[in-house]
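Reading the structure
One-letter residues, chain by chain:
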Amino acid sequence: MIPIKNVFYMLFYAFSMLKEGEYKKLATEDFCNMADLFAAILIRGISLELKRGLNNEYILKKENRSLLRGQIKVTESINKLSMINRKMVCSYALYSNDTYINQILKTTLIYLRKADIKEERKKEIKSILLKFQDISTLNVKDINWNVSYNKGNRNTQLLVSVCYLIFKGMILKSLDGKLKVKNFIDDDRMNILYEKFILEYFRQEYKDLEVSNSHISWALDDDNDYLLPIMKSDTIIRYQNKVLIIDAKFYTKIMQENFGVSKINNGNLYQMFAYVKNMAVDKNKTVAGIIMYAKTDEKLVPDNNYLMMGNEISVKNLDLNCNFPIIAEQLDAIVLKYFGNLKKKHLNYM
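On to the overall build of the chain. Scanning the chain for helices and strands turns up ten helices and 15 strands. If you line up the chain on its principal axes, its C-alpha atoms span 80 × 55 × 45 Å. For the chain, buried positions account for 47% of its 350 residues. The long-range share in the chain, meaning contacts at least 24 apart out of those at least 6 apart in sequence, stands at 67%. Carbon and sulfur atoms make up 49% of the accessible area of the chain, which amounts to about 19,300 Å² in all. Between the mean site of the 52 positive side-chain charges and the mean site of the 40 negative ones, the chain shows a separation of 7 Å.

Right, here's the structure in full:
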C-alpha cells in the first residue's frame with residue numbers, strides 16, 4: 001500500500017506545475033484517500049484559473065435561427081425543411097468559456113463531489129460549480145482525452161491529466177449501473193505515473209545526467225527493420241561513456257509461479273535483455289539495465305544482479321511504502337552505483 005502523500009510526491013515530479021507556490025502547499029495537507037488528493041489538486045488548480053479568468057475560446061455553433069447570424073447553410077436548411085418554419089441553419093463562432101477543457105473539469109468535479117472525500121472539499125467543489133453554471137457537462141464514456149494545448153490553456157494540462165487519472169483509473173460501475181469513484185487508482189494508471197516519476201526524478205535531481213525515454217535502435221546487419229517492433233524503454237540515463245536503461249513496472253504481483261516455483265517475469269527479462277544488448281553494440285559504451293518493480297507485500301521480492309554476456313542486468317524493487325526521503329535514498333543509491341557521487345539538486349518537495 002502506497003501512502004497517499006507519496007502519490008502526491010510522485011505527481012510533484014511528474015507534473016512541473018505542482019512546484020508552483022499554491023500547489024506546493026498541498027504537501028503539508030493530509031488526504032484520506034486518492035480521491036481526496038485529486039480533489040484537493042483540482043480545487044486548488046481550478047481556483048487559480050478562476051482568479052486568472054476561465055479560459056475562453058471561439059466555439060463553432062450551428063443552429064436553426066429566425067434571425068440570421070454568421071454563415072447560412074443553404075443546403076442543410078433545404079434538407080431540414082427549416083425554411084418552412086421561416087428559419088435557416090446558421091453557422092457562427094461564439095466566444096465562450098463553455099470550452100471542452102472546462103466541460104471536462106466540471107464533469108469531474110460533479111463525480112468527485114459524490115466521492116468519499118473530506119466535507120470541506122465537497123463544500124469547495126459546490127462553490128466552484130456555482131461559477132460553472134454556464135458550462136456544459138459531458139458523457140463520461142465519450143470524453144476525448146486528446147486535448148490540444150496552447151498559450152491560453154496550457155495551465156490546465158495538469159488538471160486535465162488528473163481528470164484522466166480519475167476517469168480511467170478510479171471510476172467504476174456499481175451493481176445499480178451508476179458510476180462511482182473508488183478510493184484508489186488502478187494498476188494501469190499507477191504504472192503510467194510510476195514510469196513518469198522514475199524518469200522525472202533522475203532528470204530533475206541530477207543536472208549532469210542525460211535522461212530521456214528515447215528509442216533504442218535494433219543492431220541490424222542491414223537496414224531492413226521492416227515489421228520489427230519499436231524498442232522504447234521508460235528511462236535511459238547517460239553519463240560520459242556509461243548507459244543505464246531502467247524499465248519501471250507497477251504490478252499487484254511481481255513474481256510468476258511455474259509449478260509452484262516463483263520466477264521473475266520472463267517477458268520483462270527478455271525485453272530488458274533485448275534493450276541492453278542492442279544498445280551495447282557500441283563497444284565504447286558500458287551498458288547496464290534495471291527492471292525496477294514497485295515493491296509489493298509478497299514474501300519473495302526480487303533483488304538480483306545478473307551478468308549476461310558481459311552486461312549487468314538487475315531486477316530490483318523500489319519500496320514506496322515509506323517516507324519519501326527514504327524513497328529518494330533508494331533512487332540516489334542507483335546513481336551512486338552506476339555513475340559515481342554526482343551532485344544532486346535536492347528539490348524542495350517537503
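Having seen the model, we can carry on.
On to the layout of surface pockets, then. Of the voids in this model, the largest pocket is the one considered here, and its volume is about 610 Å³. Every residue lining the largest pocket is counted, 23 residues in all, and those nearest its centre are Met1, Ile2, Asp187, Phe250 and Lys295. Listed by contribution, the elements that provide at least two residues to the lining of the largest pocket are α1 (4–14) and α8 (187–205). In this model, the second largest pocket occupies a volume close to 430 Å³. Lining of the second largest pocket is provided by 18 residues; of these, Phe15, Gln157, Leu158, Val160 and Ser161 occupy positions nearest its centre. Broken down by secondary-structure element, the contributors of at least two residues to the lining of the second largest pocket are α7 (157–169) and α8. At six residues, α7 tops the list of elements feeding residues into the lining of the second largest pocket. In terms of residue class, the lining of the second largest pocket is made up of twelve nonpolar, three polar and three charged.

Once that is clear, we can look at the pattern of salt bridges. Opposite charge on two side chains permits them to pair, given that their charged atoms come into close proximity. Tallying each qualifying case throughout the model produces 15 salt bridges. One salt bridge connects Asp282 with Lys285, and the closest N-O pair in it is separated by 3.9 Å. A residue is classified by how much of its surface remains accessible, and Asp282, at 28% relative accessible area, is partly exposed. Look at Lys285 and you get partly exposed, because its relative accessible area is 31%. Salt bridges here are not isolated pairs; linked through shared partners, they connect Glu29, Asp36, Arg44 and Arg121.

With that out of the way, let us pick up the sheet that holds strand β9 (residues 235–239). Strands pair in a sheet through their backbones, by hydrogen bonds, and they do so in one of two ways: parallel or antiparallel. If you trace the six strands from one edge of the open sheet to the other, you get β6-β9-β10-β13-β15-β14, paired in mixed fashion. Sheet topology places β6 (210–212) and β14 (304–308) at the edges, where each strand pairs with a single neighbour. Sheet twist, expressed as the average angle between the axes of neighbouring strands with direction ignored, equals 20 degrees. Relative to strand β15 (residues 311–318), strand β13 (residues 286–294) runs parallel, the two being bridged by six bridges. The residue of β15 that forms the bridge with Gly289 is Ile313. Across the face of the sheet, helix α9 (residues 266–279) comes into contact with β9, β10 (242–249), β13, β14 and β15 while running at roughly 160 degrees to β10. Where helix α10 (residues 324–339) meets the sheet, it contacts β9, β10, β13, β14 and β15, and its direction lies at approximately 170 degrees from that of β15.

Within the fold, Met170 resides in the loop between α7 and β4 (171–173). Taking the C-alpha atoms as reference points, Met170 and Ile185, separated by 15 residues in sequence, lie 5.0 Å from one another. Beyond its immediate stretch of four places on either side in the chain, Met170 contacts Met34, Ala35, Phe38, Leu165, Lys180, Val181, Lys182, Asn183, Phe184 and Ile185.

This part takes up a nonpolar patch on the surface. A grouping of Leu68, Ile72, Val74, Ile78 and Met83 is seen on the molecular surface, where their side chains present a nonpolar patch of about 430 Å² in accessible area. Mapped onto the fold, Val74 is located in helix α4 (residues 74–79). Taking relative accessible area as the criterion, Val74 reaches 45% and is therefore assigned partly exposed.

A separate point is helix α6 (residues 119–130). Here α6 spans 17 Å end to end across twelve residues, near enough to the 16 Å set by a 1.5 Å rise per residue. Those residues of α6 not exposed but buried are Arg121, Ile125, Ile128 and Leu129. The buried residues of α6 all sit within an arc of 100 degrees when viewed along its axis, so they share a single face. Facing away from the buried side of α6 by over 90 degrees, the exposed positions are Glu119, Glu120, Lys123 and Leu130. The inward-facing, buried residues of α6 abut α3 (34–52) and α5 (100–113).

Attention shifts here to the packing of α3 against α5. Where α3 meets α5, the closest approach of the two axes is 11 Å, and the angle between their N-to-C directions is 140 degrees. As summarised for this structure, α3 and α5 are arranged oblique, according to the angle between their axes. In terms of crossing hand, the pair formed by α3 and α5 is left-handed. Within the contact between the two elements, α3 uses Ala35, Ala39, Leu42 and Ile46 and α5 uses Leu105, Thr108, Leu109 and Leu112. Residues that form the contact of α3 with α5 fall into these classes: seven nonpolar, one polar and no charged.

Calculation notes
Per-chain numbering applies: the sequence of each chain, read as written, is numbered from 1 onward. Given that the model is predicted, a residue must reach a pLDDT of at least 70 before its local features are reported, and side-chain atom pairs must reach 80 or more before they are shown or counted; all residues, however, enter totals for whole chains, interfaces and linings. Water and hydrogen atoms were dropped before computing side-chain values, which therefore reflect all heavy atoms in the structure. Only runs of H or I of at least four residues qualify as helices and only runs of E of at least two qualify as strands under DSSP, and these elements are numbered from the N terminus. For each residue, the accessible area found with a 1.4 Å probe, counting protein chains only, is set against the maximum for its type, and the residue is called buried under 20%, exposed over 50%, and partly exposed in between. Contact definition: two residues touch when any of their heavy atoms are within 4.5 Å. The Shrake-Rupley method, run with a 1.4 Å probe sphere, supplies the accessible areas, and residue values consider only the shown protein chains as cover. Under this rule, positive means Lys or Arg and negative means Asp or Glu; His and the chain ends count for nothing. In plain terms, the charge of a residue is placed at NZ if it is Lys, CZ if Arg, CG if Asp and CD if Glu. Any residue with an atom within 4 Å of a point lines the site, the site being either a cavity, points on a 1 Å grid over the protein atoms alone where a 1.4 Å probe fits but cannot get out, or a pocket, an open set with protein on both sides within 12 Å along at least 5 of 7 lines. Grid points are joined across faces, edges and corners, and a volume is the space filled by probe spheres set on the points. Residues were grouped as follows: Ala, Val, Leu, Ile, Met, Phe, Trp, Tyr, Cys and Pro as nonpolar; Asp, Glu, Lys and Arg as charged; and all remaining residues, including Gly, as polar. Here, a salt bridge means any Lys or Arg side-chain nitrogen found within 4 Å of an Asp or Glu carboxyl oxygen. Strand pairing requires that DSSP identify at least two bridges connecting the strands. Orientation is described by axes fitted as lines to C-alpha atoms, over the contacting stretch for helices, and by angles from 0 to 180 degrees between their N-to-C directions. Surface patches are defined over residues having more than 30% relative accessible area and no salt bridge, joining like charges when they lie within 9 Å and nonpolar side chains (Val, Leu, Ile, Met, Phe, Trp, Tyr) when within 5 Å. Helix span, expected: 1.5 Å multiplied by one less than the number of residues in the helix. It is the directions from the helix axis to the C-beta atoms whose arc is reported. Roughly parallel means an angle under 35 degrees; roughly antiparallel means over 145; roughly perpendicular covers 65 to 115; every other angle is labelled oblique. Left-handed describes a crossing in which the near helix is turned anticlockwise from the far one by less than a right angle; the clockwise case is right-handed.

Just distances and angles here, no functional claims.
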